[in-house]
Amino acid sequence: VTCARTAPGLGLPLGLRFPCRLACDTMTQKERVSYFYDADVGHAYYGPNHPMKPHRVCMAHHLIMGYGLHKKMELFRPRPAAPVELAQFHSEDYVEFLSKVTPDNQSEHVKQLQQFNLGSDCPVFDGLFEFCQSYTGGSLDGAVRLNHNLCDIAINWAGGLHHAKKTEASGFCYTNDLVLAIMELLKYHARVLYIDIDIHHGDGVEEAFYLTDRVMTVSFHKYGDMFFPGTGDIKDIGEKNGKYYSVNVPLKDGIDDSSFLRVFKPVMTKIMEVFQPGAVVLQCGADSLGGDRLGCFNLSLDGHAECVRFMKRYKVPLLVTGGGGYTKTSVARCWALETAVLLNQDISNVLPKTAYHEYFGPEYKLKVNLNNPQIENANATKYLNNVKQQVLEQLKCLEHAPSVQMHEVPPDHLIPELDDDLTNPDERMSQMDLDRHIQPDVRCYCSQHPDPSAVFLTRLVLEMQGEYEDGI
C-alpha cells in the first residue's frame, strides 16, 4: 500500500480544469480503480453500546483481499487530512476543538461539547481526530486522483459521513468528507453530482450546497415517522441559484429492490441527461439493506449493488464511499460485492476464509437473505409513481447543464508547509510524517492573483451562500 500523495506531476494546464466528458461517452480502455484503506480506521471505537462500528471497514477489506480484488486495482493509504483542509468547509473553532478534546479532558469543556453537538450520538473517544483525518483524507485523495485523470473510479469505504455540519457533529459524523471531496472536484469540474442511497437523508451535504447550481444533491431515503434526521421532504428543492438542484426522494418502510429501482433508474437517467456532471460522488450507505440494526428498508445485496452498477455505466469519473450500516456482516458483504461490481469482477458466493470468517456463519455465503418479513412494503405503486412524477417535473425546471465561468484553480489540498526550523534533525520521521508533506506539482495559476486558492474558495463559499455575483 502506497501513499496517494506520492503520484508525480499532478498539475494540469489552466484550460483543462473542466474536462468535457458527457454521460454517454464510452471508454476504450479498462477503467482504472484506486482504492483507499487505512487499517487504523478499524481501531476507532465509539463505545460498547454504540451502533457505529468502524471495524466493519476492516471486515469488508478482508473480504476484498480474500477475493483477490486488490490485484485488480491500485491500493493507497490515505494521507490524513490536515486541519487547514478540514477548515475549508468546517469552522476553524470546531476543527480546533476536535483536535484537542479527549475522553480525559472532555469534562473541562462541557459548554463546547454542547455547542458542537458532541455527546451520546457523537461521543468523544480516543483517536477521534485521527479517525476524522483518515476517513476524510481518503475521500480527498480520491477526488484529487479523479481530477488529474489518474483513475476513473476511486473507492473509500471509510468515508461517506454525510450528516456532519459546518459547525457541529451529527448522526455519528464529525467531519463531512463528502462535502470536502466535492469542493475538491469542483476545482476541475463545472458540475458535480452527489447521490445518496443511505436510508438516512444526506442532510449535511444537501445543506452545504443548497444555494448553488454547481452541485446537484440527490437523496433516496426514509422520510416521516420522526425518522432521523427529519429532513428531506420532496418539497425541499434548493434556493436562490440552487433552486431545483436539491432532489429528495422520500420513501417509506420496507421498500424492496423492484420498488426502489423503479424510482432510482428513471430519476437518475433524467438527472444525468439534464445535469451532465463532470464527476459523480456516490454514497453507498448500507443501512438501506434489509435487517439493518437501525434501518427499516428491505433491499438485498443485489438491489443495493445494482444502483452502483447503474451509475458506473455512465463512464463519468466516480468517487464511491461508504456511509451508514449497522449490521457489520451485511455491511462487509455489501461493500465487498460493490467493489467487485466496480471492477467488473464476478466473485464466488462462497466467502473466502479470512480472520473474520466465523462472523459470517452459519451460512458463510456472500449473498444471504436479508429480508425482514416483519416489515411490509409500505410503498404502494401509486405513491412511488407520484414521487417519481414530482421529481421529474422538478427536473424540467432546470437550466440544461448550467455553464460556469473559468477561474483560477487553487492547489490540491491546502497543506501546511513543513517548518525546518521546528524539526529535530536527530529525530527520524515516520513514513506517514514524510508522506503528509509531499507537495503536488501545480503549474496553472495567473501571477495577478497572489493567492488563487483564496480567490476560488471565496467564490465557492459565497456561491454556496447565495451571495456570489460576477464582479465580486
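You'll find the structure just up there.
Model, not experiment: these values are computed from the prediction. (Residues numbered from 1 in each chain as written. Predicted model: local features only at pLDDT ≥ 70, side-chain atom pairs only at ≥ 80, totals over all residues. Heavy atoms only, no water.)

*Asks:* Could you clarify how one ought to interpret the overall build of the protein in this entry?
*Replies:* Each helix and strand in the protein was counted, giving 13 helices and nine strands. The long-range share in the protein, meaning contacts at least 24 apart out of those at least 6 apart in sequence, stands at 81%. For the protein, the exposed area adds up to about 19500 Å²; of that, 50% sits on carbon and sulfur atoms. (Helix = DSSP H or I, 4+ residues; strand = E, 2+ residues; numbered from the N terminus. Contact = heavy atoms within 4.5 Å. Areas by Shrake-Rupley, 256 points an atom, 1.4 Å probe, with all protein chains shown as cover.)

*Asks:* Got a minute to help me understand the pattern of salt bridges in this structure?
*Replies:* A side chain of one charge can pair with a side chain of the opposite charge if their charged atoms are brought near each other. Under the definition given, this model contains 16 salt bridges. Close ionic contact of Lys187 with Glu184 constitutes a salt bridge, the shortest N to O distance being 3.1 Å. With respect to burial, Lys187 and Glu184 carry one shared label: buried. For Arg313, the salt bridge is made with Glu306, and the minimal N-O distance between the two is 3.8 Å. Counted as one network, the salt bridges with shared partners bring together Lys265, Glu306, Arg309 and Arg313. (Salt bridge = Lys/Arg side-chain N within 4 Å of Asp/Glu carboxyl O. Buried < 20%, exposed > 50% of the residue type's maximum accessible area, 1.4 Å probe, protein only.)

*Asks:* In this structure, what is going on with the environment of Met59? I would like to understand it.
*Replies:* By secondary structure assignment, the location of Met59 is in helix 1 (residues 55–66). In the structure, Met59 is positioned 277 residues away from Ala336 in sequence and 9.2 Å away in space, judged by C-alpha atoms. For Met59, the residues in contact, after removing those within four places along its chain, are Lys328, Thr329, Ala332, Tyr356, Tyr359 and Phe360.

*Asks:* Mind showing me how you'd approach empty space enclosed by the protein here?
*Replies:* Rolling a probe over the atoms, with the probe sized like a water molecule, indicates the empty space that remains. One pass over the full model with this rule turns up nine cavities of 30 Å³ or more. Looking at the second largest cavity, its volume works out to about 90 Å³. In this structure, the second largest cavity is lined by 15 residues; those nearest its centre are Phe36, Tyr37, Val57, Asn156 and Ala158. When residues of the lining of the second largest cavity are traced back to their parent elements, those giving at least two are strand 2 (33–36), helix 1 and helix 5 (128–147). A total of four residues in the lining of the second largest cavity trace back to one element, the largest contributor, which is helix 1. Residues that form the lining of the second largest cavity fall into these classes: 11 nonpolar, three polar and one charged. (1 Å grid on protein atoms, 1.4 Å probe; cavity = no way out; pocket = protein on both sides within 12 Å on 5 of 7 lines; lining within 4 Å. Points joined across faces, edges and corners; volume = space filled by probe spheres on them. Nonpolar A, V, L, I, M, F, W, Y, C, P; charged D, E, K, R; others polar.)

*Asks:* Can you help me understand the packing of helix 9 (residues 301–312) against helix 10 (residues 328–342) in this one?
*Replies:* To describe two helices that pack against each other, one gives the angle between their axes and the distance between the axes. Running from N to C, helix 9 and helix 10 point in directions that differ by 30°, and their axes come no closer than 9 Å. The angle between helix 9 and helix 10 places the two elements in the roughly parallel class. In this structure, the crossing between helix 9 and helix 10 has a hand that is right-handed. Between helix 9, through Leu301, Asp302, His304, Ala305, Val308, Arg309 and Lys312, and helix 10, the contact on the second element is made entirely by Ser330, Arg333, Cys334, Leu337, Glu338, Val341 and Leu342. (Axes fitted to C-alpha atoms, helices over the stretch in contact; angles between N-to-C directions. Parallel < 35°, antiparallel > 145°, perpendicular 65-115°, else oblique. Left-handed = near helix turned anticlockwise from the far one by under 90°.)

*Asks:* Looking at this structure, how should I read the nonpolar core?
*Replies:* Among soluble globular proteins, nonpolar side chains are generally buried collectively. By size, the foremost hydrophobic cluster in this structure holds 134 residues, and its most contacted members are Tyr174, Leu193, Met216, Phe220, Phe264, Met268 and Ile271. Broken down by element, this core gets its largest block of residues, 10 residues, from helix 8 (residues 257–275). Leave out the neighbours within four places in its chain, and Met268 touches Leu193, Ile195, Val218, Phe220, Phe310, Met311 and Tyr314. (Core = buried A, V, L, I, M, F, W, Y, C linked by side-chain atoms within 4.5 Å.)

*Asks:* What should I look at first to understand the packing of aromatic side chains in this one?
*Replies:* Between two aromatic rings, the relevant description is the distance of the centres plus the angle of the planes. Counting across every chain of the model gives 18 aromatic pairs. Ring plane angle 5° and centroid distance 5.3 Å describe the contact between Trp157 and Trp335, whose orientation is recorded as stacked. Of this pair, Trp157 sits in the loop between strand 4 (153–156) and helix 6 (177–185) while Trp335 sits in helix 10; the two residues are 178 residues apart in sequence, bridging distant segments of the chain. By relative accessible area, Trp157 is classed as buried at 2%. (Phe/Tyr/Trp six-rings, centres within 6.5 Å; stacked < 30°, edge-to-face > 60°.)

*Asks:* Please explain helix 5 as it appears in this structure.
*Replies:* For helix 5, with 20 residues, the first-to-last C-alpha span of 29 Å sits near the 28 Å given by 1.5 Å per residue. Most of helix 5 is tucked away, with 19 of its 20 residues classed as buried. Looking one or two places after helix 5, you find Asn149, whose phi comes out positive at around 55°. (Expected span 1.5 Å × (residues − 1).)

*Asks:* Hey, could you run me through the pairing of strand 6 (residues 215–222) in this one?
*Replies:* Side-chain positions along a regular strand alternate between the two faces of the sheet. Within strand 6, eight of the eight residues are buried, leaving the element largely enclosed by the surrounding structure. Residues of strand 6 alternate between two faces, with Val215, Thr217, Ser219 and His221 on one and Met216, Val218, Phe220 and Lys222 on the opposite face, all of them buried. Here strand 5 (residues 192–196) pairs with strand 6 via five bridges, running parallel. Paired with Asp196 across the bridge in strand 6 is Ser219. Handedness of the β-α-β unit built from strand 5, helix 7 (residues 203–208) and strand 6 comes out right-handed. Summarising the sheet, strand 6 and strand 7 (residues 246–251) pair through six bridges and their orientation is parallel. (Pairing = 2+ DSSP bridges. Right-handed = clockwise from strand over helix to strand, strands pointing away.)

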